[in-house]
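Spelled out from the first residue to the last, the chains are:
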Amino acid sequence: MNDLGSIPGDAIQPVATRRLSDDAHGLEAAAALLRAGQVVAFPTETVYGLGADATDPSAVARIFAAKERPRFNPLIAHLPDAEAAFAEGVFDDAARSLAAAFWPGALTLVVPAAPGCRICDLARAGLPSVALRVPAPERTRALLARVGRPVAAPSANRSGRVSPTSAAHVLADLDGRIAAVLDGGETPVGVESTVVACLGGPPRLLRPGGITRETLEARLGVALAGPDGSDAIHPVGPGLLASHYAPRAQVRLDATSVSPEEVALLFGSDPLPGADAARARLNLSPAGDLAEAAARLFSALRQLDGAGAAVIAVAPIPERGLGEAINDRLRRASAPR
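Residue indices begin from 1 for each chain and proceed along its sequence in written order. In keeping with the model being predicted, local features are shown solely for residues with a pLDDT of at least 70 and side-chain atom pairs are shown and tallied solely at 80 or more, while totals for entire chains, interfaces and linings include all residues. Values reported for side chains reflect all heavy atoms of the structure, with hydrogen atoms and water molecules removed beforehand.

### Quick look at unusual backbone geometry
- Going from W103 to P104, the amide bond is cis rather than trans, its omega being -5°.
- Elements are defined by DSSP. Helices are runs of H or I of four residues or more, strands are runs of E of two residues or more, and each kind is numbered from the N terminus. The topology assignment puts P104 in the loop between α4 (93-102) and β5 (107-112).
- Positive phi values are uncommon outside glycine, yet A125 reaches one of about 55°.
- Of note in the backbone geometry, D254 takes a positive phi value of approximately 50° without being a glycine.

### Topic: the packing of aromatic side chains
- Pairing of aromatic rings covers Phe, Tyr and the six-membered ring of Trp, with a centre-to-centre limit of 6.5 Å; geometry is then stacked below 30 degrees between planes, edge-to-face above 60, and tilted otherwise. One pass over the full model with this rule turns up two aromatic pairs.
- Ring centres of F86 and F91 lie 4.7 Å apart, and the angle between their planes is 70°; on these two criteria the pair is classed as edge-to-face. Neither F86 nor F91 differs from the other in exposure class; each is buried.
- Following the ring pairs from residue to residue traces out a cluster consisting of F86, F91 and W103. Working definition: with a 1.4 Å probe on protein chains only, accessible area under 20% of the residue-type maximum means buried, over 50% means exposed, and in between means partly exposed.

### Quick notes on the pairing of strand β2 (residues 40-43)
- Residues of β2 alternate between two faces, with V40 and F42 on one and A41 and P43 on the opposite face, all of them buried.
- Paired strands, as defined in this entry, are two strands with at least two bridges between them according to DSSP. Looking at chain direction, β2 and strand β3 (residues 48-53) are connected through four bridges and run antiparallel. Residue P43 lies in a different strand from β3, and its bridge partner there is Y48.
- Connecting β2 to the next strand, β3, in antiparallel fashion are four residues.
- Looking at chain direction, β2 and strand β8 (residues 180-183) are connected through two bridges and run parallel. In the strand pairing of β8, V40 is matched with A180.

### Let's talk about helix α9 (residues 290-305)
- What a helix should span is 1.5 Å times the count of its residues minus one. The terminal C-alpha atoms of α9, which comprises 16 residues, lie 22 Å apart, in line with the 22 Å expected from a rise of 1.5 Å per residue.
- At any given residue, the bend is defined as the angle formed between two axes, one fitted to the seven residues that end at that position and one fitted to the seven that begin there. Of all the bends in α9, the greatest measures close to 50° and is centred on L297.
- Pairs of N or O atoms within 3.5 Å make up the polar contacts considered here, provided that, within protein, one atom can donate a hydrogen while the other can accept it, and that residues adjacent in sequence are counted only when both atoms are side-chain atoms. Sitting at the head of α9, D289 places a side-chain oxygen 2.9 Å from the backbone nitrogen of A291.

### Some words on the side chain of T17
- Among the secondary structure elements, T17 is positioned in the segment before β1 (18-21).
- Among the polar contacts listed, one links the side chain of T17 to the backbone nitrogen of G176, at a separation of 2.8 Å.

### Re the packing of α4 against helix α8 (residues 213-220)
- α8 packs onto α4 with a crossing angle of 120° between their chain directions and a minimal axis gap of 10 Å. Between α4 and α8, the angle falls in the class oblique. Where α4 crosses over α8, the handedness of that crossing is right-handed. Contacts from A94, S97, L98, A100, A101 and F102 in α4 reach T215, L216, R219 and L220 in α8.
- For the contact of α4 with α8, a count of residues per class yields seven nonpolar, two polar and one charged. Whenever a helix is involved, its axis is fitted only over the stretch in contact; in every case the axis is a line through C-alpha atoms, and angles between N-to-C directions fall within 0 to 180 degrees. Here is the rule for angles: anything less than 35 degrees is roughly parallel, anything more than 145 is roughly antiparallel, 65 through 115 is roughly perpendicular, and the remaining ranges are oblique. Handedness of a crossing is defined here by the sense of rotation of the near helix relative to the far one, left-handed for an anticlockwise turn of less than a right angle and right-handed for a clockwise turn. Any pair of residues with heavy atoms lying within 4.5 Å of one another is described as a contacting pair. Polar here means any residue outside two lists: the nonpolar Ala, Val, Leu, Ile, Met, Phe, Trp, Tyr, Cys and Pro, and the charged Asp, Glu, Lys and Arg; Gly therefore counts as polar.

### Quick notes on the sheet that holds β5
- Across the sheet, 10 strands lie side by side as β1-β8-β2-β3-β7-β4-β6-β5-β9-β10; this open sheet has mixed pairing. Pairing within the sheet leaves two strands with one partner each, and these edge strands are β1 and β10 (204-207).
- Judged from the three bridges that link them, strand β9 (residues 194-197) and β10 form a sheet pairing that is antiparallel. Looking at β10, one finds that V196 is bridged to L205.
- Along the sheet, helix α6 (residues 138-147) contacts β2, β4 (76-78), β7 (151-152) and β8; its crossing angle with β2, the most-contacted strand, is approximately 140°.
- On top of the sheet, helix α7 (residues 167-174) reaches β1, β2, β3 and β8; it is set at about 165° to β8, its chief contact.

### Brief notes about the environment of A179
- Among the structural elements, A179 can be located in the loop between α7 and β8.
- Separated by 161 residues in sequence, A179 and R18 place their C-alpha atoms 6.3 Å apart.

Laid out in structure tokens, this is it:
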């Protein structure tokens, strides 16, 4: 029987959101907040991104909580230069050609995660691929260099609302919910980055954006394929329907008891009959903190799956707040396959 130690949870509490100037002092303040696990909005050439340390699942969980994002879609990790991105992913010839032509710029490349990839499971939605981008603005790349880690950053708005192109737009949605916004003025492009998957076979255009299909195809010398049928079930990038890592074991939801042959995924302090005798058990949050549970979800599924049991019994998890996203992922993990 195995237990996980706890990590600090952090549900959304009202905070005084700082509006930082886009100068050396503001960049250093924003970088310090990001390194400390806080969420900071910052400008790119496309829209403002809602950034957090992509290596820290607790920090990434704060993005989902702030956005009230209903599903744990894969997030784009932003890097200061191509060499930093190459350390996180495996780039084939097509991906390297596109990176050479369009980075820094409004292009996200989805590639296999490198063996030493630091981007956490939660930011990758449990997938073996990773979405990477080197944004164009020099100030943004200076911020990323100061952070020294990949920064996950979806658009800095509440989920389902219009993407922000100014600091005022960010504050209208997220004031009091994030640590700071770095005010870099209006973003020049105003639509999200183009997303291309290079995962073997022809490169695929997953999301149109700031760089056109025609421009990309001219560089590659071949036509881009579109999303294939599996992307609705096993998406590899943002902007698509979301699924996630499916364990080998069957996932049994809303368990009221656990048998000795099963492993248990617990939540909160209420005991689940039989859990003490299970082959293994992990508690997403003994304190019942949904942000803590979100941060630990994918790693817990992987660890329990590694125990070799045929069934993962999952305790009930509330549907409120981030519980909606957690349950969405668990339902997808339990779907027949």
